[in-house]
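Summary of structural features
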Amino acid sequence: MRVVSGIQTTGNLHLGNYLGAIRQWVAMQDQGECLFFLADLHALTGNVSPQELANSTIEMAATLMASGIDDRAILFNQARVPAHAELCWILQGTARMGWLNRMTQWKDKAGKNREGASVGLFTYPVLQAADVLVYKATHVPVGEDQKQHLELARDIATKFNTDFNVDLFPLPEPLISKAAPRIMSLRDGSAKMSKSDPSDMSRINLIDDDDTIASKIRKAKTDPEPLPDSFDGLAERPEAKNLVTIYAALAGREPQSVVQEFAGQGFGAFKPALADLAVSVLAPVRDRLTRLLDDRAAVGAQLAKGAARANALAAPTLKTAQEAVGLQV
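Residues numbered from 1 in each chain as written. Predicted model: local features only at pLDDT ≥ 70, side-chain atom pairs only at ≥ 80, totals over all residues. Heavy atoms only, no water.

Here we look at helix α4 (residues 83-92)
Among the residues making up α4, those that are buried are A83, H84, L87, C88, I90 and L91. Burial along α4 is one-sided: seen end-on, the buried residues are contained in an arc of 165°. (Buried < 20%, exposed > 50% of the residue type's maximum accessible area, 1.4 Å probe, protein only. Helix = DSSP H or I, 4+ residues; strand = E, 2+ residues; numbered from the N terminus. Arc of directions from axis to C-beta.)

As for the pattern of salt bridges
One pass over the full model with this rule turns up 15 salt bridges. Its salt-bridge partner being E173, residue R154 comes within 3.5 Å of it at the nearest N-O pair. Remark: E173 occurs in strand β5 (residues 173-175) and R154 occurs in helix α8 (residues 147-163); sequence separation between them is 19 residues. For E173, a relative accessible area of 38% translates into the label partly exposed. A salt bridge links E261 to R253; the nearest nitrogen and oxygen atoms lie 2.8 Å apart. Within the structure, one salt-bridge network assembled from shared partners comprises D200, R203, D208 and K216. (Salt bridge = Lys/Arg side-chain N within 4 Å of Asp/Glu carboxyl O.)

Some words on the pairing of strand β3 (residues 74-77)
Across the two faces of β3 the burial is the same, with I74 and F76 and L75 and N77 all buried. Looking at chain direction, strand β2 (residues 33-39) and β3 are connected through four bridges and run parallel. Residue pairing across strands places F36 opposite L75, the latter belonging to β3. (Pairing = 2+ DSSP bridges.)

A closer look at the packing of helix α10 (residues 238-251) against helix α11 (residues 255-262)
Between two packed helices, what matters for the description is the angle formed by their axes and the separation of those axes. It is the contact of α10 with α11, at a shortest axis distance of 9 Å, that shows an interaxial angle of 110°. Taken together, the axes of α10 and α11 lie roughly perpendicular to each other. When the axes of α10 and α11 are compared, the crossing they make is right-handed. Across the interface between the two elements, V244, Y247 and A248 from α10 touch P255, V258, V259, E261 and F262 from α11. (Axes fitted to C-alpha atoms, helices over the stretch in contact; angles between N-to-C directions. Parallel < 35°, antiparallel > 145°, perpendicular 65-115°, else oblique. Left-handed = near helix turned anticlockwise from the far one by under 90°. Contact = heavy atoms within 4.5 Å.)

As for the packing of aromatic side chains
By the definition in use, this model includes nine aromatic pairs. For the ring pair F37 and F76, a centre distance of 5.9 Å and an interplane angle of 35° mean the geometry is tilted. Highlighted residues: F37 in strand β2 and F76 in strand β3, separated in sequence by 39 residues. In this structure F37 comes out as buried when scored by relative accessible area, which is 4%. Assessed through its relative accessible area of 0%, F76 is described here as buried. Ring centres of F267 and F270 lie 5.9 Å apart, and the angle between their planes is 90°; this geometry places the pair in the edge-to-face category. Taken together, the residues span about one helical turn, with F267 and F270 both in helix α12 (residues 267-293) at a distance of three residues. As far as the burial class goes, F267 and F270 line up, both buried. (Phe/Tyr/Trp six-rings, centres within 6.5 Å; stacked < 30°, edge-to-face > 60°.)

What follows is the structure, encoded as structure tokens:
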């Protein structure tokens, strides 16, 4: 089992990232060979400040390390492994315009200004395919919004293997963690917690101090009704459901057991309990993150170490792909 996954290098990581992806990554380190990368090449598809990109790459690496990603996995930034870009170019000869035109994220992100969108925004699903195929990944952690891109990677792998009569790329399987909760905004229970939300009160950043965490939870949008004795009773109460989901995820419990514990109580009692729990879980992560950011050179050295391991794994696959298409003579 070889797991490959990447994360964009834009913006601060928050509680939704931690509970929805990072904590699952940490657990995966004991389940198989894992490669986790910072997608700095993907960041170039939008408007990006060079200094901001360099800083956020180090900061995200430090955040992953503070959360528990260690030498059991290979952690690196994409740009340090040229095989990603080289294989992407080869696979662009295999991918088809029709396939990319059907990508819903392309339609969403380009909007009505498709003529003004970057070529990279259109073709980045091919780079995503190269990201996983260059390591012959067997599994890729995906959310609902990325399933289509993994299907594209499988289509590209199948066509390449068929076109060039090789058995080079295995078809990566989706790895969907049933334990991964969907964490919503603290200001709008119908929207995901997001780095791009203009309101900092909508999310708990992993760098937030204890008082800020408690304040954001105290001011989180709720309703005046007490908690029911059944989690199903929160189906039409999105903000209340979100806070219970966060509590359950942080405590490693089922949401049903949480509502049973607090049944009949209002949020005046529940929010302080949630704030205490959030601080107890997140404070150690923040403290480790702060120490790591005090020595950014050491974080960069760790990324270089990971890139060396990743390059060694990627090189044979790239060489075989080059040979298949006639680039090795």
